[in-house]
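Structural overview
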Amino acid sequence: MTSPHLKAVIFDIGGVVCRSPLIAIAAYEQERGIPNNYINCSITGRGNQGAWQKFERGEIPLFPFYTAFGRELSDTKQGNIWYTQYCKRRGIECPKLPDSLDIDGRDLFGRMMRDAAIFDGRIVEAIRRIRAAGRWRVIALTNNFTKNDLDLVGDAPPSREQYPDFSVESELAFLGWQEGVAPARLRALFDDFCDSSALGKRKPEPEIYLLTCERNGIKPTEAVFLDDLGLNLKAAQELGMETIRVPIGDSLGALKTLEGKLGIDLTYGFQPTEGTPSRL
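Report on the accompanying structure. This is a predicted model, so every value here is computed, not measured.

A few points about the nonpolar core
Of all hydrophobic cores here, the largest spans 35 residues; its most connected members are Ile 39, Phe 65, Phe 69, Leu 108 and Phe 109. Listed by contribution, the elements that provide at least two residues to this core are helix H1 (21-32), helix H2 (38-44), helix H3 (51-56), helix H4 (62-73), helix H5 (76-90), helix H6 (105-115) and helix H9 (168-175). At 7 residues, H4 tops the list of elements feeding residues into this core. Setting aside anything within four residues of it in sequence, one finds Phe 65 in contact with Ala 51, Trp 52, Phe 55, Ile 60 and Phe 109. Residues Ala 126, Leu 189, Leu 262 and Ile 264 belong to the second largest nonpolar core, which totals 31 residues.

See below:
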């Protein structure tokens, strides 16, 4: 059934338009014998005050983030508690938990960012078709780090002792950010690009959804929102948005649902390459 009241389609970036950073995390865990989803439990377990969350709101610069991120993820005392709770919620047997971890925050974050530079060709094609129809605003709503485009090191440059070969150019290359955190060719897909680090709010905080709607002259009830994380979708639903979950590896199914809401074709005739990877 179509939703004729809709005025906007809102897309998450990582995990929807681009490859999910969770894929890189899963590979990192597998290589090191860390239980599946342990790292993500440690990230989310800190609520709004973890290094990851602060970095997405633009509250700490890059290199202090690396240090805090690694330190927090290496904290098995808290990590084991959160993972045990996760297993209980999921009704799964808890595996043997690590006695200690030594996670390099920079190494892991770099892997996540380089992997997330790959676009989902199906989603990109759908965005182009929606914009060509001219009936809806197409908006990005992303927990992201574009504030670092302006000043990579902020007020806390890395020590030469720890990073003797540091340069801004080399660090951008390490992260896959040679064209910036959100390249112009990505931003050009959208009528508006709402980034957590620029707005000082992050999903699932209600304020960032409301601010996104305000910037675009719509009500939450006039938008459909696509994201890969249930927590972010739940917050949008509570504000009245229609939502579509985009599971890893099934953007086609999500787009079929979106087709039904918009009443236009978003998928016919598109022939993706294997895994639909694209770099625009």
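There is more to say after this.
A short note on H1
Taking 1.5 Å as the rise per residue, H1 with 12 residues should run 16 Å; its terminal C-alpha atoms sit 17 Å apart, in good agreement. Those residues of H1 that fall on the buried side of the exposure criterion are Pro 21, Ala 24, Ile 25, Tyr 28 and Glu 29. Considered in projection along H1, the buried side chains sweep an arc of 140° and stay on one side of the axis. More than 90 degrees from the buried face of H1, the exposed residues found are Gln 30 and Glu 31. Where H1 is buried, its residues contact H2 and H6. The first or second residue beyond H1 is Gly 33, which carries a positive phi of 70°.

Notes on unusual backbone geometry
A cis geometry characterises the amide bond from Lys 203 onward to Pro 204, with omega recorded as 10°. Turning to its location among the elements, Pro 204 is positioned in the loop between helix H11 (196-199) and helix H12 (206-215).

Regarding the packing of aromatic side chains
Summed over all chains, the structure comprises 22 aromatic pairs. Summarising the aromatic geometry, the rings of Phe 55 and Phe 109 are spaced 5.8 Å apart at their centres and angled 80° between planes, so their arrangement reads as edge-to-face. You can see Phe 55 sitting in helix H3 and its partner Phe 109 sitting in helix H6, a full 54 residues away along the chain. The same class applies to Phe 55 as to Phe 109, namely buried. Where Phe 63 meets Phe 166, the ring centres are 5.3 Å apart and the plane angle is 90°; that geometry is what we call edge-to-face. Of this pair, Phe 63 sits in helix H4 while Phe 166 is found in the loop between helix H8 (147-150) and H9, placing the two residues 103 residues apart along the sequence.

Focus on the pattern of salt bridges
As enumerated under the stated definition, the model contains 21 salt bridges in all. Measuring nitrogen to oxygen at the nearest pair gives 3.2 Å for the salt bridge that ties Lys 7 to Glu 222. Note that Lys 7 is positioned in the segment before strand E1 (8-11) and Glu 222 in the loop between H12 and strand E5 (223-227), a separation of 215 residues in sequence. Of the charged contacts, one joins Asp 107 and Arg 32 as a salt bridge, the two residues approaching to 3.7 Å between their closest N and O atoms. Placement of the pair is Asp 107 in helix H6 and Arg 32 in helix H1, with a sequence separation of 75 residues. What makes Asp 107 partly exposed here is its relative accessible area of 26%. Taken together, the salt bridges that share partners define one network made up of Glu 31, Arg 32, Asp 107 and Arg 111.

Overview of the side chain of Arg 111
Structurally, the position occupied by Arg 111 is in helix H6. Aside from chain neighbours lying at most four places away, what touches Arg 111 is Ala 24, Ala 27, Tyr 28, Glu 31 and Arg 32.

Overview of the environment of Leu 73
Position of Leu 73 among the secondary structure elements: in helix H4. With 33 residues separating them along the chain, Leu 73 and Asn 40 place their C-alpha atoms 9.0 Å apart.

What about the sheet that holds E5?
A sheet is described by the order of its strands in space; here 5 strands give the open sequence E4-E3-E1-E5-E6, paired in parallel fashion. Looking at the sheet topology across the chains shown, the edges are occupied by strand E4 (192-195) and strand E6 (242-245). Direction aside, the axes of adjacent strands within the sheet are offset by 20° on average. Two strands pair when backbone bridges link them, and E5 and E6 are joined in this way by 4 bridges, in the parallel orientation. Across the sheet, residue Val 224 finds its bridge partner in E6, namely Glu 242. Contacts between helix H7 (residues 121-133) and the sheet are confined to E1 and strand E3 (137-142), with E1 contributing the most and set at about 160° to the helix. Most of the contacts of helix H14 (residues 251-262) go to E6, to which it runs at about 155°, and overall it touches E1, E5 and E6.

A few points about the packing of H4 against H6
As a packed pair, H4 and H6 sit with axes 7 Å apart at the nearest point and diverge in direction by 105°. Of the possible angle classes, the one that applies to H4 and H6 is roughly perpendicular. The residues of H6 that touch H4, namely those facing Leu 62, Phe 65, Tyr 66, Phe 69, Gly 70 and Leu 73, are Gly 105, Arg 106, Leu 108 and Phe 109. Each residue belonging to the contact of H4 with H6 can be placed in one class, and the counts come to 7 nonpolar, 2 polar and 1 charged.

Scoring rules and cut-offs
- Throughout, a residue's number is its position along its own chain's written sequence, starting from 1.
- With pLDDT at 70 or above as the cut-off, local features in this predicted model cover only qualifying residues; side-chain atom pairs require 80 or more to be listed or tallied, and sums for whole chains, interfaces and linings still use all residues.
- Note: side-chain values were computed over all heavy atoms of the structure, leaving out hydrogens and water.
- Remark: nonpolar core denotes a set of buried residues (Ala, Val, Leu, Ile, Met, Phe, Trp, Tyr, Cys) joined through side-chain atoms within 4.5 Å.
- We call a residue buried when its accessible area falls under 20% of the maximum for its residue type, exposed when it is over 50%, and partly exposed in between, using a 1.4 Å probe and counting protein chains only.
- The numbering of helices and of strands both runs from the N terminus, where a helix is a DSSP run of H or I of at least 4 residues and a strand a run of E of at least 2.
- Throughout, a contact is declared for two residues whenever any of their heavy atoms are within 4.5 Å.
- The span one expects for a helix is its residue count, reduced by one, times 1.5 Å.
- In this description, one arc is meant: the one made by directions from the helix axis to the C-beta atoms.
- When two rings of Phe, Tyr or Trp (its six-membered ring) have centres within 6.5 Å they constitute a pair, described as stacked for plane angles under 30 degrees, edge-to-face for angles over 60, and tilted for the intermediate range.
- One speaks of a salt bridge when a side-chain nitrogen belonging to Lys or Arg is within 4 Å of a carboxyl oxygen belonging to Asp or Glu.
- What makes two strands pair is DSSP finding at least two bridges between them.
- Note on definitions: angles span 0 to 180 degrees between N-to-C directions of axes, and those axes are lines fitted to C-alpha atoms, for helices only across the stretch in contact.
- An angle below 35 degrees is treated as roughly parallel, one above 145 as roughly antiparallel, one from 65 to 115 as roughly perpendicular, and anything else as oblique.
- Each residue receives one of three labels: charged for Asp, Glu, Lys and Arg, nonpolar for Ala, Val, Leu, Ile, Met, Phe, Trp, Tyr, Cys and Pro, and polar for the others, Gly being one of them.

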